[in-house]
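Inside the fold
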Amino acid sequence: MADEIDIAIIGAGPAGLAAGVYAARGDRKTAIFERNILGGQIATTGDVENYPGFPEGVNGLDLALAMQAQAERFGAEIRYEHVTGITPGAEGSPFVLNTEDGQELSAKAVIVTAGADYNKLGVPGELELVGKGVSYCATCDAAFFRNVPVIIVGGGDAAVDEAIFTTRYASKVYLVHRREELRATRLLQDCLFANEKIEVIWNTVIETINGDDAVTSATLKNIVTGETRDLPVEAVFIFVGQTPNTSVLRGLVPLDPGGHAIVNLWMETPVSGLFVAGDIRAEAARQLVSAAGDGATAAIRAEHYIADHYGAPGS
Amino acid sequence: MAHPADTSDATFDADVIQNDTPVLVDFWAPWCGPCRMVAPIVEELSTEYDGRVKFVKLNTDENPGIASKYGIRSIPTLLVFKGGEVAGQIVGFRPKSDLQKRIEAVL
């Protein structure tokens, strides 16, 4: 087999990049596989205010690029390839990884840090109008909607944060939420309610997103009264939770009812040499700093695993 | 590694529309995080398709004319032009394999 890796990391978000720093710095041949874009969720986040060491906050993207540079400095390789299969070898022999484009690689230890993807609403018009007003990234697209009304869907931190951000451009921001209270942290809620451009529409869901070549309105339904109405807007930004990317782990490790992988405090799964870290694991705090901490923990344990089963680096 | 050249409102016609080979245009802006993250993938593709597909990028902040003409309301957006017409469109960040499929479909 041509491509032999010591520690394969699947997913180049904060957990994967932190794992990459530790794995490569331990002098193990390290590859970080990314099926999409580097940085994971922080690539689409604006400023990060709660990562220790940055008292004034830090841009999410800049932080991701710095983590990448740090991992690469120690020799980790970023590979834009989609790993679709992980097969454990017999006891004491490496895992086999398969990629979407048909490659077969070997890895002595595997750390899955594939994170979570934003959910779709699943309503008519949504997929048809992606890029024409429907968006899952306000930091990317809000600037295209200057001085027009827009909708943000959701009630968690992401939705509230993006609603506040979007007021820089939009004339009016409607936060549409299916409950009558928000899940977002208090600090974010205070900013939201203090912003005169934002109107929260409670107990309401989107029924359809309307428009031919571009979004022109959304049909809203109040789930308490049953009343529906059309709200003219040019954009609908959707932040309704996430689903962990555990498809590569299905049948291999136990998952909780939400689809997160169950691990111990060393990020170990029942499969010897296979680790899962970051937002994809069960009972994670789902924060940038905890994801990075998970990645470091997994890489340290992976190094121990390889040392026990294969010996010291270079042996 | 090949580096996609910049195109603009002023040079778009010559760079893209009048070009004989297919052209992939990467619409981006400096403040768009995912756009910066897509750039290394586009660079890899530009090396892989060297000679068969031309790669250029267009800053939507500095070139609102072309961005508006093609109805760009989300970035990153990649448009593939063939014979001066849009032959393929990729909105948002997508896996490299998806981009390859779209390019192959046009070739």
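Residues numbered from 1 in each chain as written. Chains lettered and ligands numbered in written order. Predicted model: local features only at pLDDT ≥ 70, side-chain atom pairs only at ≥ 80, totals over all residues. Heavy atoms only, no water.

1. Let's talk about the overall build of chain A
Within chain A one finds six helices and 19 strands. Compactness check: chain A gives a C-alpha radius of gyration of 22 Å against a globular reference of 20 Å for 315 residues, within 12% of the reference. Taken along its principal axes, the extent of the C-alpha atoms in chain A is 65 × 40 × 35 Å. For chain A, with 315 residues in total, the buried portion stands at 52%. Expressed as a percentage of contacts within chain A between residues at least 6 apart in sequence, the contacts between residues at least 24 apart total 60%. Accessible area of chain A: about 13,800 Å², with a carbon and sulfur share of 49%. Put simply, chain A has 23 plus and 41 minus side-chain charges, and the middle of one group is 2 Å from the middle of the other. (Helix = DSSP H or I, 4+ residues; strand = E, 2+ residues; numbered from the N terminus. Rg over C-alpha atoms; globule rule 2.2 N^0.38 Å. Buried < 20%, exposed > 50% of the residue type's maximum accessible area, 1.4 Å probe, protein only. Contact = heavy atoms within 4.5 Å. Areas by Shrake-Rupley, 256 points an atom, 1.4 Å probe, with all protein chains shown as cover. Lys, Arg positive; Asp, Glu negative; His and termini not counted. Charge placed at Lys NZ, Arg CZ, Asp CG, Glu CD.)

2. As for the overall build of chain B
Check the secondary structure of chain B and you find four helices and five strands. Walking chain B from its N terminus toward its C terminus, one meets helices and strands in the order β-α-β-α-β-α-β-β-α. C-alpha extents for chain B along the principal axes are approximately 30 × 30 × 25 Å. Buried positions account for 53% of the 107 residues belonging to chain B. Residue pairs at least 24 apart in sequence account for 73% of intrachain contacts in chain B once pairs closer than 6 positions are excluded.

3. Comments concerning the confidence of the model for chain B
Averaged over chain B, the pLDDT score is 91; the fraction of residues at 70 or greater is 98%. Across the interface, the model reports ipTM at 0.73; the global pTM reads 0.84. (pLDDT = per-residue confidence, 0-100.)

4. Some words on the sheet that holds strand S14 (residues 204–210) of chain A
Residues and elements named next belong to chain A. Overall, antiparallel pairing links the three strands, which are arranged S14-S15-S16 in an open sheet. Of all strands in the sheet, those with a lone pairing partner are S14 and strand S16 (228–232), marking the two edges. Averaged over all adjacent pairs, the angle separating strand axes in this sheet is 30 degrees, with direction ignored. By the bridge criterion, five bridges tie strand S15 (residues 217–222) to S16 in an arrangement that is antiparallel. If you follow Ser 217 over to S16, its bridge partner there is Pro 232. (Pairing = 2+ DSSP bridges. Axes fitted to C-alpha atoms, helices over the stretch in contact; angles between N-to-C directions.)

5. Examining the interface of chain A and chain B
Every contact between the two is made by 23 residues of chain A and, on the other side, 23 residues of chain B. Note on chain A versus chain B: buried area summed over both sides is about 2,100 Å², and carbon and sulfur give 62% of it. If you sort the residues of chain A by the area they bury against chain B, Ile 37, Tyr 80 and Phe 144 of chain A come out on top, with a joint share of 30%. Here chain A is connected to chain B by two salt bridges. In this structure, Glu 234 of chain A and Arg 73 of chain B form a salt bridge, with 3.4 Å as the shortest nitrogen-oxygen distance. Joining chain A to chain B, the criterion identifies six residue pairs in polar contact (both at pLDDT 80 or more). Those elements that provide at least two residues to the side of chain A that touches chain B are helix H2 (60–73) and helix H3 (138–141) of chain A. In terms of residue count, H2 of chain A provides more of the side of chain A that touches chain B than any other element does, four residues in total. For the side of chain A that touches chain B, the residue count by class is 13 nonpolar, four polar and six charged. (Buried area = accessible area lost by both parts, 1.4 Å probe. Salt bridge = Lys/Arg side-chain N within 4 Å of Asp/Glu carboxyl O. Polar contact = N/O pair within 3.5 Å; in protein donor to acceptor, adjacent residues only side chain to side chain. Nonpolar A, V, L, I, M, F, W, Y, C, P; charged D, E, K, R; others polar.)

6. A look at the state of the cysteines
For the structure shown, the criterion picks out two disulfides over all chains. At a sulfur-sulfur separation of 2.1 Å, the disulfide partner of Cys 137 of chain A is Cys 140 of chain A. Disulfide Cys 137 of chain A-Cys 140 of chain A: the torsion about the S-S bond is 75 degrees, which places it as right-handed. Residue Cys 32 of chain B pairs covalently with Cys 35 of chain B via a disulfide, S to S 2.3 Å. Between Cys 32 of chain B and Cys 35 of chain B the sulfur-sulfur dihedral comes to about 80 degrees; the bridge is accordingly right-handed. This pair shows no difference in class: Cys 32 of chain B is buried, exactly as Cys 35 of chain B is. (Disulfide = S-S within 2.5 Å.)

7. A closer look at a nonpolar patch on the surface
A contiguous nonpolar patch, built from Tyr 22, Trp 266 and Ile 300 of chain A and spanning about 290 Å² of accessible area, is present on the exposed surface. Along the chain, the position of Trp 266 of chain A falls in the loop between strand S18 (242–244) and strand S19 (274–276). (Patch = residues over 30% accessible without salt bridge, like charges linked within 9 Å, V, L, I, M, F, W, Y side chains within 5 Å.)

8. Regarding the domain arrangement of chain A
All names here are of chain A. What the domain assignment reports for chain A is domain 1 (4–118 + 242–310) and domain 2 (134–238). Taking only C-alpha atoms into account, the centre of domain 1 sits 33 Å from that of domain 2. At the junction of the two partners, domain 1 supplies four residues and domain 2 supplies five residues. Buried area between domain 1 and domain 2, both sides added, is near 350 Å², and the carbon and sulfur share of it is 57%. (Domains from an automatic or database assignment.)

9. Notes on the packing of aromatic side chains
Scanning all chains against the criterion turns up nine aromatic pairs over all chains. Taking 6.4 Å as the distance between ring centres and 35 degrees as the angle between the ring planes, the aromatic pair formed by Phe 193 of chain A and Trp 202 of chain A counts as tilted. Relative accessible area serves as the criterion here: at 29%, Trp 202 of chain A is assigned to the partly exposed category. Taking the centre distance of 5.8 Å and the plane angle of 45 degrees together, the rings of Phe 12 of chain B and Tyr 70 of chain B count as tilted. One end of the pair, Phe 12 of chain B, is in helix H1 (residues 12–17); the other, Tyr 70 of chain B, is in the loop between helix H3 (64–69) and strand S4 (77–82), with 58 residues separating them in the sequence. Using a relative accessible area of 2% as the deciding quantity, one classes Phe 12 of chain B as buried. Judged by its relative accessible area of 22%, Tyr 70 of chain B falls in the partly exposed class. Every member of this aromatic cluster is reached through a ring pair, and the members are Phe 12, Tyr 70 and Phe 81 of chain B. One Lys or Arg, Lys 120 of chain A, reaches over the ring of Tyr 136 of chain A and ends 4.7 Å from the middle of that ring. (Phe/Tyr/Trp six-rings, centres within 6.5 Å; stacked < 30°, edge-to-face > 60°. Lys NZ or Arg CZ within 6 Å of the ring centre and 35° of its normal.)

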